[in-house]
Amino acid sequence: ITELQKQVTEQPGNWQARLALADAHVEGGRGDMAAMIVSLAPFPPPTSDELIKAGRHLLLIHPQTALQYATQAMLADEMNAQAALLAAEACRVLGDADEAEKHYLVAVELDPSLEPQVAELNEWIHGNTTSFVSKATVPVNVRPLRQGAELPPPTSEEAFAVAIVD
């Protein structure tokens, strides 16, 4: 840890060292210290992976920043299931089950293998949500995007719904 602390002190913008130090603190049972190390960075992480790792450290003390990091990671890579999952977890901490559900459904659609790992999040969502969202009504149809196929033309119901929103 001492060498990593030195690196972070000498190079505060070195996100690899900062995240390694935060991870070392988590392994030592000091998640609070890890969150502080990440929160004191002079600027956000530059890559999607670093945004997600930093966001996970910030969940409990700065869930709004964790959500911002997840959003930045999704903007950089819209097919990143881990970014969508981080957004769902941040929304959970913020107490917004409806938004958590949307991000959760996108995450498990992008990577179905995540579903068993996040059963607790899914249970919390279903116990707290007021919406009736399902995989069929996720706001983004990711399957055609993933396959590189064209989206089908909207049905009359979808066209009507778009007209109401506009």
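The structure presented is a predicted model; accordingly, all values stated were derived computationally and were not measured.

With that settled, the discussion passes to helix 7 (residues 97-110). With 14 residues, helix 7 extends 20 Å between its outermost C-alpha atoms, agreeing within 8% with the 20 Å of an ideal straight helix rising 1.5 Å per residue. The element helix 7 is largely enclosed, with a buried count of 11 among its 14 residues.

Take the nonpolar core next. Judged by nonpolar contacts, the single largest core of 37 residues is most densely connected at Val38, Tyr104 and Leu121. Broken down by secondary-structure element, the contributors of at least two residues to this core are helix 2 (15-27), helix 3 (31-39), helix 4 (48-58), helix 5 (63-76), helix 6 (81-93), helix 7 and helix 8 (119-128). Broken down by element, this core gets its largest block of residues, nine residues, from helix 6. Not counting chain neighbours up to four residues away, the residues in contact with tyrosine 104 comprise Ala88, Glu115, Val118, Leu121, Asn122 and Ile125.

Our focus in this paragraph is the packing of aromatic side chains. One pass over the structure, following the stated rule, counts zero aromatic pairs. Positioned above the aromatic ring of tryptophan 15 is the side chain of arginine 18, whose terminal nitrogen or guanidinium carbon lies 5.9 Å from the ring centre.

Next up on the list: the environment of alanine 20. Among the structural elements, alanine 20 can be located in helix 2. A residue is classified by how much of its surface remains accessible, and alanine 20, at 30% relative accessible area, is partly exposed. In sequence terms alanine 20 and leucine 4 are 16 residues apart; their C-alpha atoms lie 7.3 Å from each other.

To continue, consider the packing of helix 4 against helix 6. Orientation of helix 4 relative to helix 6, taken along the N-to-C sense of each, is 20°, at an axis distance of 10 Å. Considering the angle they form, helix 4 stands roughly parallel to helix 6. Our pair here, helix 4 against helix 6, has a crossing hand that is left-handed. Contacts between helix 4 and helix 6 involve Leu51, Ile52, Gly55 and Arg56 from the first element and Gln82, Ala83, Leu85, Leu86 and Glu89 from the second. Broken down by class, the residue content of the contact of helix 4 with helix 6 amounts to five nonpolar, two polar and two charged.

On to the packing of helix 3 against helix 4, then. Look at helix 3 against helix 4: their axes get within 8 Å of each other, and the N-to-C directions meet at 130°. Accordingly, the angle class assigned to the pair helix 3 and helix 4 is oblique. When the axes of helix 3 and helix 4 are compared, the crossing they make is left-handed. Here Ala34, Ala35, Val38 and Ser39 of helix 3 lie close against helix 4, whose contacting residues are Ala54, His57 and Leu58. Of the residues assigned to the contact of helix 3 with helix 4, the class counts are five nonpolar, two polar and no charged.

Attention shifts here to the pattern of salt bridges. Counting across every chain of the model gives four salt bridges. Of the charged contacts in the structure, one is a salt bridge between aspartate 32 and arginine 30, with a shortest N-O distance of 3.2 Å. Residue classification places arginine 30 among the partly exposed positions, given a relative accessible area of 41%. We note a salt bridge from arginine 92 to glutamate 120, for which the minimum N-O separation is 3.0 Å. Highlighted residues: arginine 92 in helix 6 and glutamate 120 in helix 8, separated in sequence by 28 residues. Among the residues examined, arginine 92 registers a relative accessible area of 26% and is labelled partly exposed.

Rules and cut-offs
- Residues numbered from 1 in each chain as written.
- Predicted model: local features only at pLDDT ≥ 70, side-chain atom pairs only at ≥ 80, totals over all residues.
- Heavy atoms only, no water.
- Helix = DSSP H or I, 4+ residues; strand = E, 2+ residues; numbered from the N terminus.
- Expected span 1.5 Å × (residues − 1).
- Buried < 20%, exposed > 50% of the residue type's maximum accessible area, 1.4 Å probe, protein only.
- Core = buried A, V, L, I, M, F, W, Y, C linked by side-chain atoms within 4.5 Å.
- Contact = heavy atoms within 4.5 Å.
- Phe/Tyr/Trp six-rings, centres within 6.5 Å; stacked < 30°, edge-to-face > 60°.
- Lys NZ or Arg CZ within 6 Å of the ring centre and 35° of its normal.
- Axes fitted to C-alpha atoms, helices over the stretch in contact; angles between N-to-C directions.
- Parallel < 35°, antiparallel > 145°, perpendicular 65-115°, else oblique.
- Left-handed = near helix turned anticlockwise from the far one by under 90°.
- Nonpolar A, V, L, I, M, F, W, Y, C, P; charged D, E, K, R; others polar.
- Salt bridge = Lys/Arg side-chain N within 4 Å of Asp/Glu carboxyl O.

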